[in-house]
Protein chains: 2
Amino acid sequence: MNLKELSRRLGLSQTTVSRALNGYPEVSEKTRRRVAEYAERLNYQPNPNATRLATGKSNTIGHVIPLSGHDMINPHFSDFIAGAGEVYNRRGYDMLISVVNAAEQSMTYKTFHRNKRVDGVIVHSPTIDDDRIAMLNRMRIPFVVHGRTGDPEDSYSWVDVDNADAFQKATRYLLELGHRRIALINGLEPMTFAARRREGYEAALVGFGLKPDKGLVGSAEMIEPNGHKWMGRLLDSPAPPTAVLCSSILTTMGAMRLLRERGLTPGRDMSIVGYDDRLSFLPSSGEDKALTAVRSGIRLAGSHCADMLIDQIEGKTGNRHLLLEAEFVIGNSTGPAPRN
Amino acid sequence: MNLKELSRRLGLSQTTVSRALNGYPEVSEKTRRRVAEYAERLNYQPNPNATRLATGKSNTIGHVIPLSGHDMINPHFSDFIAGAGEVYNRRGYDMLISVVNAAEQSMTYKTFHRNKRVDGVIVHSPTIDDDRIAMLNRMRIPFVVHGRTGDPEDSYSWVDVDNADAFQKATRYLLELGHRRIALINGLEPMTFAARRREGYEAALVGFGLKPDKGLVGSAEMIEPNGHKWMGRLLDSPAPPTAVLCSSILTTMGAMRLLRERGLTPGRDMSIVGYDDRLSFLPSSGEDKALTAVRSGIRLAGSHCADMLIDQIEGKTGNRHLLLEAEFVIGNSTGPAPRN
DNA sequence: TTGTAAGCGTTATCAA
DNA sequence: TTGATAACGCTTACAA
């Protein structure tokens, strides 16, 4: 059933039917009702490919996902799209995902735009020196960044967690417990979120009169095995830390695993503060009190990004910014620093 | 730059240019080369919306992802799409993901098809009594199932792991170690893969002259907290098992966590066999020997599904089937059953 | 308030 | 081997 056929049956022109269906004001209420009823009964649905060709609008949001070196997709991603996907569904948008090699990334954005495949994109994993912001602004394609870059903050829309603040608070908490050698198992530091976490961590140390020690900071992709590896390195170093901050729940798990292997007890032999993205498949911090953690749900961030982007696409707003505050949950993985 | 403009500059008709670009045989080599060269130089790319409208082909694969009760996306999903996405990218397809409520699911498939949004779909999480197979066959939309349903196996294409065999072997291994009370922490049993795992498990028991005990089987969504919960229930039951099979690496982790809390050592106080989907963010079984596991990469399954579906769409094949065999990796989480 | 007709950028049919 | 021209199914000036 297409427009032509539908309007033939109604004895109206395609124009009128199209207008009635799309809520144009100049259609009489009576006609509109009759059209709506017929469309419903005959189960008419416009062909989106035709609509897109005619309007240039795709009702689709693009996500470009680079396969990082290890050929893996960021494990936090599935929760992000759960949040975003729900919003897309509710607001009538499709989600187009393009898995690409890192090198093809910017080309993919260009192609998306030029071909009118998407009305807007979500930018994932921004780096400090990220050329995508300028590029997307140049192309005038609506976008929202999940996180921030080094660009001026009002030059683009973003949804971010106050990472610096969160890690500063967490570090201060450890300092107040008496810890002086505090390590950080961070994400990859070209990523802005990781850089900011380090800033917060160092600011707390400096504020306490301590000098940050590079030997106490690790940086790696945030997967379980890396938490394990870094915890081992830290313990084996000449002057091991008494407390560790982890940038992800996955590295936290890896670090915990290593402590177990060494027979060490979290909170007593080593204090650990994790970062809990509230991944839906893992236990939530705060429930069993096992973990002291900075907490902020990534799924929520996904839905905020989606709403913000669609508002922008539909011309409801200009650039917007949302800075979420992370919670700090105290559990049993932290405790006072050992004497001497 | 569009076809019209390009052909004007070439002094050729749109028809010829289109034919040259699409590899039709009736174009002279000379013309073809000239056209190709111009297209390249002027950076021409056909507008896919126009192509789709004209051809009815979308070069897009759909994935319908129902949000299950807990509003979460299957955590194994991100690895699956890493595998599939790479193939799509290589073979020129887009991935369209629709996150829907469980109730909207079949409607979404219908809409996808009717509107020519996708050329085919991947069916996730098939159940034994799954109405999607009949529906998709009726709609004549190409599809590949990741897993199998209760339908005749040659009535659709699928990629699956031999779950029954894998769990039969794993159970037999435990039996040979002397275990007699062997539990299974399974996935949701309406899902075919879970039902088959249970079948394999029970077949091994029966083959050994034992009677399956319903009290030793748990069934729940395969996330960490459920492994933890079920391990606890099993230990607290009147006659606890001496060995446990887990249907997922996540429930395995949860079960291990509970053992630790109770001060029990895997492989000595309780034998555990896990299922390792080789999720990219977790340690791989077999590396540190911590876990005895049935192993089959979900990412590989994703790429197989994608290739099979595209072959089908492009008319290269009819229904096909691929049964992958899981590996069995022996680690330290299993050991002889305790005496008496 | 409704209708006519052009346009969106391709591919496909038919004729030359 | 090439070219006119009609689809594909919608939206949108412009006219009535």
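Residues numbered from 1 in each chain as written. Chains lettered and ligands numbered in written order. Predicted model: local features only at pLDDT ≥ 70, side-chain atom pairs only at ≥ 80, totals over all residues. Heavy atoms only, no water.

- Where an unreviewed UniProt entry is consulted, chain A appears under the name LacI family transcriptional regulator, with the organism given as Oricola cellulosilytica.

Some thoughts on the UniProt feature "domain: HTH lacI-type" (unreviewed entry) in chain A
- UniProt's feature table lists "domain: HTH lacI-type" (unreviewed entry) at residues 1–55 of chain A, given in the numbering used throughout.
- For residues 1–55 of chain A, the end-to-end C-alpha separation is 20 Å, with 67% helix and 0% strand making up the annotated structure. (UniProt positions renumbered as here; feature names shortened; annotations may be inferred. Helix = DSSP H or I, 4+ residues; strand = E, 2+ residues; numbered from the N terminus.)

Section: the sheet that holds strand 6 (residues 182–186) of chain A
Residue and element names in this part refer to chain A.
- The strand order 7-6-8-9-10-12 describes an open sheet built from six strands, whose pairing is mixed. Sheet topology places strand 7 (217–219) and strand 12 (327–329) at the edges, where each strand pairs with a single neighbour. When strand polarity is set aside, the average angle formed by the axes of neighbouring strands in this sheet is 15°.
- For strand 6 and strand 8 (residues 243–246), the ladder comprises four bridges, and the chain directions are parallel. Its bridge partner being in strand 8, Ile182 is matched across the sheet by Ala243.
- The strands that helix 8 (residues 163–176) touches are strand 6, strand 8, strand 9 (271–276), strand 10 (292–295) and strand 12; relative to strand 8, the one it contacts most, it runs at about 165°.
- Those strands touched by helix 9 (residues 192–207) are strand 6, strand 7, strand 8 and strand 9, and its axis lies near 175° from that of strand 6. (Pairing = 2+ DSSP bridges. Axes fitted to C-alpha atoms, helices over the stretch in contact; angles between N-to-C directions. Contact = heavy atoms within 4.5 Å.)

Regarding the environment of His124 of chain B
Residue and element names in this part refer to chain B.
- For His124, the location among the structural elements is in the loop between strand 3 (120–123) and helix 7 (132–139).
- Expressed as a C-alpha distance, the spacing of His124 and Asn89, which sit 35 residues apart in the sequence, is 20 Å.
- Among all residues touching His124, those that are not within four sequence positions of it are His63, Val64, Ile65, Phe77, Phe80 and Arg132.

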